[in-house]
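The chain contents come next:
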Amino acid sequence: MHYLRFSSREFSHGDRRAALAETYAPLCGMDVEVYSDDLDIDIRVRSLSRIVVSDSFLVDHKAKRTQAHIADGDDSMLLVIPRQGVLGINSASGDEWMCAPGQLHLLPLEDPFISQNNGAFSVTSVSLPRKFLETRLSSPGKVIGKSFQPADSNAYSLLLGYLENLNRTGEILSGPVANLAELQIMDLAALVLGVDRETSVVAGNRGVRQARYQAMRNYIKLRMFDADLNADVVAQHFNISPQYLRKIFSEFNLTFTDYLNAIRLDWVYKNLANPADSRNYISTLAYRAGFSNLAWFNRAFKRRFGLSPSDVREKATEQVS
């Protein structure tokens, strides 16, 4: 797995256009022209074994993929997912398309095209292998080289969330994690594009469940301090039944309650082990983390860490002194 980043903000204004031509354009496999004098561009590219994921922010730009770029032999397809602003796309055949947030565009990289936008534009792109798509798409003519609505809106939301999580993980992914991420992205992308029934069943069973599981975990982390958070609340947020939520967690050898308690206990441990937080009472941290029964909290804490909350704080204090 490779990770690259280009930001025009790392260069002086006088050097930005040269850096754009020498670094950003070859990275994208296109000629890029930015109209704004600010020349504000930021791109993160994550290359996995079969796909490439990029997140870009640009202002007032035009990008051209020419015959010279096509000579690189890349015949993959670029799934374009706008997040902010509208992208105009002109194909070599003369077709003109607009692609806005909530829509997608599937660009074959073996054909020339021009894309451009006015104002601030944020986009996520996923380069998918042609061989992966050509035998799976149920209606290739409806999506290749066109802007379209996602075939599965649920998979679309999960794909966006999964890509956001991937972008937040930092620069390095271990081999197993990278392989899993690639598999989930390809499954969700297939559902978004509209695939044959057999592929849909496989991708749905594998990709959607994994992505939904990850999305629920992230949601729980955001709401972990809410003492009233429970499986019913989370299930309602994701428009699924509490029984189905528990089933998904069980497939990953967890229960909802075990996961919620674990992240709450980890948060308390982290604060107790930080001498800077020594002014907070243990009970204050426990209540803040969402625990309402101190006796139960103390037992659960010792089972998880082999130390009592007081022991952890005492060790942290000793290290400072």
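Everything below is about the structure shown above.
Per-chain numbering applies: the sequence of each chain, read as written, is numbered from 1 onward. Reporting in this predicted model follows two pLDDT cut-offs: at least 70 for local features of residues, and 80 or more for side-chain atom pairs to be given and counted; totals over whole chains, interfaces and linings ignore these cut-offs and use all residues. Side-chain calculation: all heavy atoms of the structure are included, whereas hydrogens and water are not.

Peer 1: Quick rundown of the overall build of the protein? Include the residues and the values.
Peer 2: For the protein, the helix and strand inventory stands at 13 helices and 10 strands. With the C-alpha coordinates aligned to their principal axes, the bounding extent of the protein is approximately 70 × 55 × 30 Å. Burial classes follow relative accessibility: with a 1.4 Å probe on protein chains only, a residue under 20% of its type's maximum area counts as buried, one over 50% as exposed, and anything between as partly exposed. Looking at the 321 residues of the protein, the share that counts as buried comes to 46%. Residue contacts are defined here by distance: any two heavy atoms, one from each residue, within 4.5 Å place the two residues in contact. Across the protein, the fraction of contacts at a sequence separation of at least 24, relative to all contacts at a separation of at least 6, is 70%. Using the Shrake-Rupley algorithm and a 1.4 Å probe, accessible areas are obtained, with residue cover drawn only from the displayed protein chains. Put simply, the protein shows about 16,300 Å² of open surface, and 49% of that area lies on carbon and sulfur atoms. If the 36 positive side-chain charges of the protein are averaged to one point and the 36 negative ones to another, these points end up 8 Å apart. Comment: elements are numbered from the N terminus, with helices defined as DSSP H or I runs of at least four residues and strands as E runs of at least two. Working convention for charge: Lys and Arg count positive, Asp and Glu count negative, and His plus the chain ends are omitted. A charge is said to be at NZ when it belongs to Lys, at CZ for Arg, at CG for Asp and at CD for Glu.

Peer 1: Tell me about the pairing of strand β8 (residues 104-108), and please be specific about residues and values.
Peer 2: Most of β8 is tucked away: five of the five residues are buried. The side-chain alternation of β8 yields two buried faces, one formed by Leu 104, Leu 106 and Pro 108 and the other by His 105 and Leu 107. Pairs of strands are assigned from DSSP output, requiring at least two bridges between the strands. With four bridges connecting them, strand β5 (residues 77-84) and β8 associate as antiparallel partners. Note on β8: the bridge partner recorded for Leu 78 is Leu 107.

Peer 1: Quick rundown of the layout of surface pockets? Include the residues and the values.
Peer 2: Only protein atoms enter the 1 Å grid used here, on which a cavity is any set of points holding a 1.4 Å probe that cannot leave and a pocket is any open set flanked by protein within 12 Å on both sides along at least five of seven lines; residues with an atom within 4 Å of a point are listed as lining. Grid points are joined across faces, edges and corners, and a volume is the space filled by probe spheres set on the points. One number sums up the size of the largest pocket: a volume of about 600 Å³. Elements represented by at least two residues in the lining of the largest pocket include exactly β1 (2-7), α1 (16-28), β3 (41-47), β4 (52-65), β5 and β9 (113-128). Element by element, the count of residues in the lining of the largest pocket is highest for β4, at seven residues. Nonpolar residues are Ala, Val, Leu, Ile, Met, Phe, Trp, Tyr, Cys and Pro. Charged residues are Asp, Glu, Lys and Arg, and all others, Gly as well, are polar. Partitioned by chemical class, the residues of the lining of the largest pocket number 19 nonpolar, nine polar and three charged.

Peer 1: Just give me the short version of the pattern of salt bridges, but keep the residues and values in it.
Peer 2: Each reported salt bridge corresponds to a side-chain nitrogen of Lys or Arg within 4 Å of a carboxyl oxygen of Asp or Glu. Across all of its chains, the model carries eight salt bridges by this definition. Across the pair Asp 42 and Arg 5 runs a salt bridge whose closest N-O atoms are separated by 2.6 Å. Placement of the pair is Asp 42 in strand β3 and Arg 5 in strand β1, with a sequence separation of 37 residues. Looking at Asp 42, the relative accessible area reads 9%, which means it is buried. The partner of Arg 9 in a salt bridge is Asp 40, with the nearest N and O atoms 2.9 Å apart. With Arg 9 in the loop between β1 and α1 and Asp 40 in the loop between β2 (31-34) and β3, this pair connects stretches of sequence that are 31 residues apart. Residue class for Arg 9 comes out exposed when judged on its relative accessible area of 53%.

Peer 1: Residue-level account of helix α10 (residues 256-272), with values.
Peer 2: For a helix, the expected span equals 1.5 Å multiplied by the residue count minus one. The end-to-end C-alpha separation of α10 is 25 Å, in line with the 24 Å expected for 17 residues at 1.5 Å each. In terms of residue burial, α10 counts as a mostly covered element, since 12 of its 17 residues are buried. Residues of α10 that are buried: Phe 256, Tyr 259, Leu 260, Asn 261, Ala 262, Ile 263, Arg 264, Leu 265, Trp 267, Val 268, Asn 271 and Leu 272.

Peer 1: Provide a residue-level description of empty space enclosed by the protein, including the pertinent values.
Peer 2: The final tally for this structure, using the stated rule, is one cavity of 30 Å³ or more. Considered as a void within the structure, the largest cavity measures approximately 50 Å³ in volume. Considering the residues around the largest cavity, the lining is formed by Tyr 3, Arg 44, Val 45, Arg 46, Val 53, Asp 55, Leu 166 and Asn 167. Contributing elements (two or more residues each) for the lining of the largest cavity: β3, β4 and α5 (153-168). Here the lining of the largest cavity gets three residues from one element, more than from any other, and that element is β3. Here the residues of the lining of the largest cavity are counted per class, giving four nonpolar, one polar and three charged.

Peer 1: Residues and numbers for the nonpolar core, please.
Peer 2: Here, nonpolar core means buried Ala, Val, Leu, Ile, Met, Phe, Trp, Tyr and Cys residues that are tied together by side-chain atoms lying within 4.5 Å of each other. The biggest cluster of nonpolar side chains holds 33 residues, and the ones touching the most others in it are Leu 79, Leu 128 and Ile 185. Looking at this core, the elements with two or more residues in it are β5, β8, β9, α3 (130-134), α5 and α6 (175-193). Considering every element that reaches this core, the biggest residue donor is α6, with 10 residues. Excluding anything up to four places from it in sequence, Leu 79 contacts Leu 104, His 105, Leu 106, Thr 124, Ser 125, Val 126, Leu 128, Phe 148, Leu 159, Ala 189 and Leu 193. Counting residues in hydrophobic clusters, the runner-up holds 31 residues, among them Tyr 219, Phe 256, Ile 263 and Leu 272.

Peer 1: How would you explain the packing of aromatic side chains if you had to name every residue and give the values?
Peer 2: Classification of ring pairs rests on two measures: the distance between centres of Phe, Tyr or Trp rings, Trp counted by its six-membered ring, which must be within 6.5 Å, and the angle between planes, read as stacked under 30 degrees, edge-to-face over 60 and tilted in between. Per the stated rule, a full pass over the model turns up 10 aromatic pairs. Centroid distance Phe 249 to Phe 256: 6.1 Å. Interplanar angle 85°. Geometry classified as edge-to-face. In this pair, the class of Phe 249 matches that of Phe 256, namely buried. The rings of Tyr 269, Phe 291, Trp 296, Phe 297, Phe 301 and Phe 305 are connected pair by pair, giving a single aromatic cluster.

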